[in-house]
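Tertiary structure, described
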Amino acid sequence: MNKRTFLKSIGFLTAATFLQIPKIMGLNLENNEILPETFKETEFSLPNLDYAYDSLEPYFDKMTMEIHYSKHHAAYIKNLNEAIKNTPFEKMTLEEIQNKVTDKFPAIRNNGGGHYNHTFFWKNIAPNAGGEPTGKLAENIKNTFGSFDKFKEQFAQAGKTRFGSGWVWLSVNKNKKLFISSTANQDNPLMTKIVNEKGTPILGLDVWEHAYYLKYQNKRPDFINAFWNVVNWKEVEKRFENL
Ligand code: MN3
C-alpha cells in the first residue's frame, strides 16, 4: 500500500487509530484537510527485473527467481519504508542510507541493505551471459589476482566460507584497487560505519539459502559454480569504468 492509498483507507479505521495518523504521517489532517496534489512520494519500490524468471535456467531456476524477487526483495522494501518513517533516513537515497547507517538502526541496516543488495544483484546477472570480462576490468583482475581463474577461486572460497547468511563482493577500494570480501546478513562494502573492508562493489553474489536452496539444497559450492554462467560482465565492466 502506498501513502496515497493508505490515506484513502483511513476512513475505515477506528477513531482512536485515526488520531494517531497525522502524527505517523507527519501531516496535518485535522478539519478533513485534503491531501495536496503535490504530496511527495518518497517510498522505495521494487525495481523492474530486466528478464523473465525462467530466463536464467538451468543455472538459476524459475521458482527461486520468482520467490526471491517478488517475495524476499519486496519484503525488504516494505520493511525499509516502515523503518525510515520519521527518521533522517527518510529523505536519503538508497546509497546514502548505506553510507550513513550504523548498528543503532538494525531495521534500516538489514532492510536498507536488503533493498540495495538485491537491486544491485539483479543487474549483475543476465540471460545468455557468463564468460569472461574484457578490457580494463579483465586486465585489473589479472594484475590483482594472478588470473581470471584465480579470481574465481578466491571469490568462490569467500562464498563457501561465509558462515550463515550473507554476500560475496568484488569491490574497488579508495586506492582504486580491486578486492574480494564477504559480508554477513544484508551488509555490504558501502556501509562505511559497519564493515571493515570498505569500497564500491561492482559484482555481488547472494549466498543466503533462499537464493539457492530449492535447486541446490545444501550444495552452496554448486550454486556458486553455476553463478559464473549468468554473470553480466558487461554491467560489471560498466560499473568499474564509471568509478
Ligand atoms: Mn536474497
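Source: prediction; values computed, not measured.

What counts and what doesn't
Residues numbered from 1 in each chain as written. Predicted model: local features only at pLDDT ≥ 70, side-chain atom pairs only at ≥ 80, totals over all residues. Heavy atoms only, no water. Core = buried A, V, L, I, M, F, W, Y, C linked by side-chain atoms within 4.5 Å. Buried < 20%, exposed > 50% of the residue type's maximum accessible area, 1.4 Å probe, protein only. Helix = DSSP H or I, 4+ residues; strand = E, 2+ residues; numbered from the N terminus. Contact = heavy atoms within 4.5 Å. Pairing = 2+ DSSP bridges. Axes fitted to C-alpha atoms, helices over the stretch in contact; angles between N-to-C directions. Left-handed = near helix turned anticlockwise from the far one by under 90°. Nonpolar A, V, L, I, M, F, W, Y, C, P; charged D, E, K, R; others polar. Salt bridge = Lys/Arg side-chain N within 4 Å of Asp/Glu carboxyl O. pLDDT = per-residue confidence, 0-100.

Quick notes on the nonpolar core
Counting 58 residues, the largest nonpolar core has I125, F151, F155, L170, L203, F227 and W233 as its most contacted members. With 7 residues, helix 3 (residues 62–84) is the single largest residue contributor to this core. Beyond its immediate chain neighbours, meaning those up to four positions away, F227 contacts F60, F121, N124, I125, F155, L203, G204 and L205.

Examining the pairing of strand 2 (residues 178–184)
Taking burial as the measure, the 7 residues of strand 2 include 5 buried ones, the bulk of the element. Pairing between strand 1 (residues 166–172) and strand 2: 7 bridges, direction antiparallel. By the bridge assignment for strand 2, L170 is matched with I180. The turn linking strand 1 back onto strand 2 is made up of 5 residues, and K176 within it adopts a positive phi angle of 65 degrees.

Notes on the environment of D54
In this fold, D54 is placed in the loop between helix 2 (15–25) and helix 3. Remark: the alpha-carbon pair of D54 and T64, spanning 10 residues in sequence, is separated by 9.4 Å.

Section: the sheet that holds strand 3 (residues 200–206)
Read across the open sheet, the 3 strands follow the order 2-1-3; overall the sheet is antiparallel. Two strands lie at the open edges of the sheet, namely strand 2 and strand 3, each paired on one side alone. Put simply, the sheet's adjacent strands are angled 25 degrees from each other on average, direction ignored. Sheet contacts for helix 6 (residues 135–145): strand 1, strand 2 and strand 3; angle to strand 2, the most-contacted strand, approximately 80 degrees. Most of the contacts of helix 7 (residues 148–161) go to strand 1, to which it runs at about 145 degrees, and overall it touches strand 1, strand 2 and strand 3.

Here we look at the packing of helix 7 against helix 9 (residues 220–227)
Across the interface, helix 7 lies against helix 9 with an axial gap of 10 Å and an inter-helix angle of 145 degrees. In this structure, helix 7 meets helix 9 at a crossing whose hand is right-handed. Contacts from F155, A156, G159 and K160 in helix 7 reach R220, P221, I224 and F227 in helix 9. Counted by class, the contact of helix 7 with helix 9 contains 5 nonpolar, 1 polar and 2 charged residues.

Concerning the pattern of salt bridges
Scanning the entire structure with this criterion turns up 6 salt bridges. Residue K123 is joined to D50 by a salt bridge in which the shortest nitrogen-to-oxygen separation is 3.0 Å. Separated by 73 residues along the polypeptide, K123 in helix 5 (residues 106–123) and D50 in the loop between helix 2 and helix 3 bring together distant segments of the chain. Using a relative accessible area of 55% as the deciding quantity, one classes D50 as exposed. The residue R109 makes a salt bridge to D187 at a minimum N-O spacing of 2.8 Å. Here R109 is found in helix 5, whereas its partner D187 is found in the loop between strand 2 and strand 3, with 78 residues between them in sequence. Accessibility expressed as a relative area gives 6% for D187, which makes it buried. Taken together, the shared-partner salt bridges in this structure form one network comprising E235, K238 and R239.

Considering the confidence of the model for the protein
Keep in mind that low pLDDT regions are not for reading the predicted coordinates in detail. Per-residue pLDDT for the protein averages 88, and the proportion of residues at 70 or more is 83%. Across residues 1–40 the pLDDT falls below 50, and counting only partners more than four positions away or on other chains, this stretch makes 32 contacts in the model.

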